[in-house]
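Listed below are the residues making up each chain.
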Amino acid sequence: MKQNQFEKIKNGKGFIAALDQSGGSTPKALAAYGITDEAFSNEDEMFDLVHEMRTRIITSPAFDSNHILGAILFEQTMDRQIEGMYTGDYLAEKKGIVPFLKVDKGLAEEKDGVQLMKPITNLDKTLTRANERHIFGTKMRSVIKEANPESIKAVVDQQFEIGKQIIAAGLVPIIEPEVDINSPEKEKCEEILKAEILRHLDNLNNDEYVMLKLTIPTKKNLYKELIHHSMVVRVVALSGGYSTDVANEKLKTNDGLIASFSRALSQDLNVNQTNETFNATLEKAVKSIYEASV
C-alpha cells in the first residue's frame, strides 16, 4: 500500500486537500462553515462539530480520488472514525486518497522576522500511532515574514531536523516553511528560502524523501529546481489566505506545482446547505483547484 501511495503522490494528477485546522484555528473554521461559538460550550463539543464537518466533506461524492491525491488530517481526526473506520483507513480504502497527518503543535512567537515551530512533544509516540492508523506522511508549518537570512536558515534547519526523525519512522514529511503573502519582502524571502531548502535537499541520503509545501512564489516557476529534485516526492502550494480564484490563477503560472488548499477548498461550504447544494458547491471548488493543479 505504501509504495502504491508513494507512486500516486509522486506521479498522480490532482491536489492535496488540507483538512488539518487544529485547536487554535478550529473556531475560525467552524465560523466560516456557519457554526458560531454559541453552538459549543467546551473543547470536546467543538471538536465533535468539526469532525462532523470534516466527515461531511470526506464522505461527499465530490471528494474523490479522480481529483484529490491526498488529505492532511488533524491528530483528533486521525483518531476518530468515519462509518466505523479510522479516518485514514476510510480515505485510503473507501476513497483511494492518501492520508497525511499534521504533527506540529503550532507556532512560537515571532522573533527576527520568523515564527519557528513550538517544540513537538511526544513526536515518537505520535508517529507510532500514525503508523498504526496507516498514515502515509506528515505535515508541519513554520512562517517567514522578513528576509532575514539567519532566521530563514533557522526555520529550514528546524524543519529538516524534525523531518529526518519522521523519515526514520517510515513516513514522508511535508516540510512547510510558509512565506507570509503580506510580507513586503516576499520575493526576497522566497529566494533565500529556496537556497536553504536546496542546501538540505542536496545533503539527504538516497532514501530520505521529502515533500515541500510552499507559498505560491511571486516569481513565476521559482521552485522549478525543487520540483525536479531527485529527493522531492512532490511540491505543493498553500493558499496562504488567497481566495480560491486568486490562488488558482497564481498556481496556474507555476509548472508542476499542485495545490494543497484549506480555506480555498471549503470557503463556500455551509452547515445549513442541503446535501445537494453542499455537494455541488464542494464539487465546483474541487474541480477548479484540480484544473489549476494539472
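Refer to the structure presented above.
Residues numbered from 1 in each chain as written. Predicted model: local features only at pLDDT ≥ 70, side-chain atom pairs only at ≥ 80, totals over all residues. Heavy atoms only, no water.

(A) Spotlight on the packing of aromatic side chains. Within this structure, the stated rule accounts for three aromatic pairs. Their ring planes at 80 degrees and their centres at 5.5 Å tell us that Phe100 and Phe136 sit as a pair that is edge-to-face. Here Phe100, found in strand β5 (residues 98–102), pairs with Phe136, found in the loop between α6 (123–132) and β7 (137–144); they are 36 residues apart in sequence, far enough to count as distant. When sorted by exposure, Phe100 lands in the same class as Phe136, which is buried. Taking NZ or CZ as reference, Arg56 lies 4.0 Å from the ring centre of Phe278, over its face. Lying across the ring of Tyr86, Arg133 places its NZ or CZ 4.0 Å from the centre. (Phe/Tyr/Trp six-rings, centres within 6.5 Å; stacked < 30°, edge-to-face > 60°. Helix = DSSP H or I, 4+ residues; strand = E, 2+ residues; numbered from the N terminus. Buried < 20%, exposed > 50% of the residue type's maximum accessible area, 1.4 Å probe, protein only. Lys NZ or Arg CZ within 6 Å of the ring centre and 35° of its normal.)

(B) Structural view of the pairing of strand β2 (residues 68–73). For β2, the buried fraction is high: six of the six residues fall into the buried class. Taken together, the five bridges between strand β1 (residues 15–19) and β2 define a ladder with parallel strand orientation. Counterpart to Ala17 in the pairing with β2 is Ala71. Both β2 and β5 contribute to a ladder of four bridges, which runs parallel. By the bridge assignment for β5, Leu73 is matched with Leu101. (Pairing = 2+ DSSP bridges.)

(C) Spotlight on unusual backbone geometry. At Glu83, a position not held by glycine, the phi torsion is positive, near 50 degrees. Mapping Glu83 onto the fold places it in the loop between β3 (81–82) and β4 (85–86). Located in the positive-phi region is Asn221, a residue other than glycine, with phi close to 60 degrees. With respect to the secondary-structure elements, Asn221 resides in the loop between β9 (210–215) and α9 (224–227).

(D) Main features of helix α1 (residues 2–11). Along α1, the residues classified as buried are Gln5, Phe6 and Ile9. Looking down the long axis of α1, one finds its buried residues gathered within 105 degrees of arc, a one-sided arrangement. Opposite its buried face, α1 presents the exposed residues Gln3, Asn4 and Asn11, each directed more than 90 degrees away. Looking at the packing, one finds that the buried side of α1 touches β1, β2, α5 (87–95), β5, β9 and β10 (232–238). (Arc of directions from axis to C-beta. Contact = heavy atoms within 4.5 Å.)

(E) Quick peek at the pattern of salt bridges. Under the defined criterion, the tally for this structure stands at 19 salt bridges. With a shortest N-O distance of 3.6 Å, Lys164 and Glu208 are connected by a salt bridge. On the criterion of sequence distance, the pair formed by Lys164 in helix α7 (residues 149–168) and Glu208 in the loop between α8 (186–201) and β9 is long-range, its members being 44 residues apart. The class for Lys164 is partly exposed, based on a relative accessible area of 37%. Note that Arg199 and Glu196 form a salt bridge whose closest N and O atoms lie 2.6 Å from each other. Pair noted here: Arg199 and Glu196 are both in helix α8, with a separation of three residues, about one helical turn. The class for Arg199 is partly exposed, based on a relative accessible area of 34%. (Salt bridge = Lys/Arg side-chain N within 4 Å of Asp/Glu carboxyl O.)

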